[in-house]
Amino acid sequence: MSIAPWRSFLANALRKNRNQPHSRYFQLATVRSDGTPGLRTVVFRGFLEDTNNLKIITDARSAKITEIHKQQQGEICWYFTETREQFRISGNMIIIDANHHESELQKARESTWQELSDKARIQFAWAHPGKPRANPEAFSPPQPDAVKPLDNFCLLLFEPVKVDHLRLRGEPQNRTFYVMDNLGVWDVMEVNP
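Below: a short report on this structure. For clarity, every value in this text was computed on a predicted model and none was experimentally measured.

## With respect to the overall build of the chain
And then number 1: Of regular secondary structure, the chain possesses 4 helices and 8 strands.
And then number 2: Listed N to C, the secondary structure of the chain is α-β-β-β-α-β-β-α-α-β-β-β in terms of helices and strands.
And then number 3: A globule of 193 residues ought to have a C-alpha radius of gyration of about 16 Å, and the chain, at 18 Å, matches this closely.
And then number 4: If one aligns the C-alpha atoms of the chain with their principal axes, the spans along those axes are about 55 × 35 × 35 Å.
And then number 5: Looking at the chain as a whole, 40% of its 193 residues qualify as buried.
And then number 6: Residue pairs at least 24 apart in sequence account for 59% of intrachain contacts in the chain once pairs closer than 6 positions are excluded.
And then number 7: Total accessible area computed for the chain in this model is approximately 11000 Å², and 50% of it derives from carbon and sulfur atoms.
And then number 8: Each charge class in the chain can be summarised by its mean position, and for the 25 positive and 23 negative side chains these summaries are 6 Å apart.

Here's what the structure looks like:
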């Protein structure tokens, strides 16, 4: 797979905004079973090697996993304050859980787990997310293995199919659509802001 034309703009935004800790976070929208949007902030964990797929981590027990199993399409909204630009990325989500059949994606799941801090890893050993508040002991489990992921640890891959890049600097502002066709080729179109 070739690297998408929008990736250089996103890489530039990440580089120019690297001093802003919040630039590593974006909003991920899914669709709940009742058809309403589910929105949350997640951490960008990089790109899956040699792909345009964004890496996110999540707990298999979280509501977003149930939502994604029913509806794999979602959208990301990522705003960079320093460069004043927004990326709205539409695409499909792929869940890589402990039972995923593809060995290369299991390796990506394991390496992502190994890259996490101890503080991030231990959260996957906490009590079930979204359930009534557990006793304090449920938030002081033993530190999980730093090499082998817990079964409830999921690598979530977001596979972009459309990117709306808005640059708010300039008069007029600049906006570009990137749309991937069925053959994996990206069409680029400048549009009105």
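## Quick word on the environment of Glu-82
And then number 1: Residue placement: Glu-82 occurs in the loop between β4 (73–80) and β5 (85–96).
And then number 2: The class for Glu-82 is partly exposed, based on a relative accessible area of 40%.
And then number 3: Once the C-alpha coordinates of Glu-82 and Asn-174 are considered, the two residues, 92 residues apart in sequence, prove to be 16 Å apart.

## With respect to the packing of aromatic side chains
And then number 1: Scanning the model with the defined rule gives 13 aromatic pairs in all.
And then number 2: Taking 6.0 Å as the distance between ring centres and 65° as the angle between the ring planes, the aromatic pair formed by Trp-113 and Phe-124 counts as edge-to-face. On the criterion of sequence distance, the pair formed by Trp-113 in helix α3 (residues 103–115) and Phe-124 in the loop between α4 (118–122) and β6 (153–167) is long-range, its members being 11 residues apart.
And then number 3: Relative accessible area serves as the criterion here: at 0%, Trp-113 is assigned to the buried category.
And then number 4: For Phe-124, a relative accessible area of 9% gives the class buried.
And then number 5: In this structure an aromatic cluster arises from ring pairing among Trp-6, Phe-26, Phe-44, Phe-47, Trp-78, Phe-80, Phe-87 and Trp-186.
And then number 6: Taking NZ or CZ as reference, Arg-133 lies 4.7 Å from the ring centre of Phe-139, over its face.
And then number 7: Its guanidinium or amino end placed over the ring of Phe-9, Arg-167 lies 5.8 Å from that ring's centre, counting from NZ or CZ.

About the criteria used
- Residues numbered from 1 in each chain as written.
- Predicted model: local features only at pLDDT ≥ 70, side-chain atom pairs only at ≥ 80, totals over all residues.
- Heavy atoms only, no water.
- Helix = DSSP H or I, 4+ residues; strand = E, 2+ residues; numbered from the N terminus.
- Rg over C-alpha atoms; globule rule 2.2 N^0.38 Å.
- Buried < 20%, exposed > 50% of the residue type's maximum accessible area, 1.4 Å probe, protein only.
- Contact = heavy atoms within 4.5 Å.
- Areas by Shrake-Rupley, 256 points an atom, 1.4 Å probe, with all protein chains shown as cover.
- Lys, Arg positive; Asp, Glu negative; His and termini not counted.
- Charge placed at Lys NZ, Arg CZ, Asp CG, Glu CD.
- Phe/Tyr/Trp six-rings, centres within 6.5 Å; stacked < 30°, edge-to-face > 60°.
- Lys NZ or Arg CZ within 6 Å of the ring centre and 35° of its normal.

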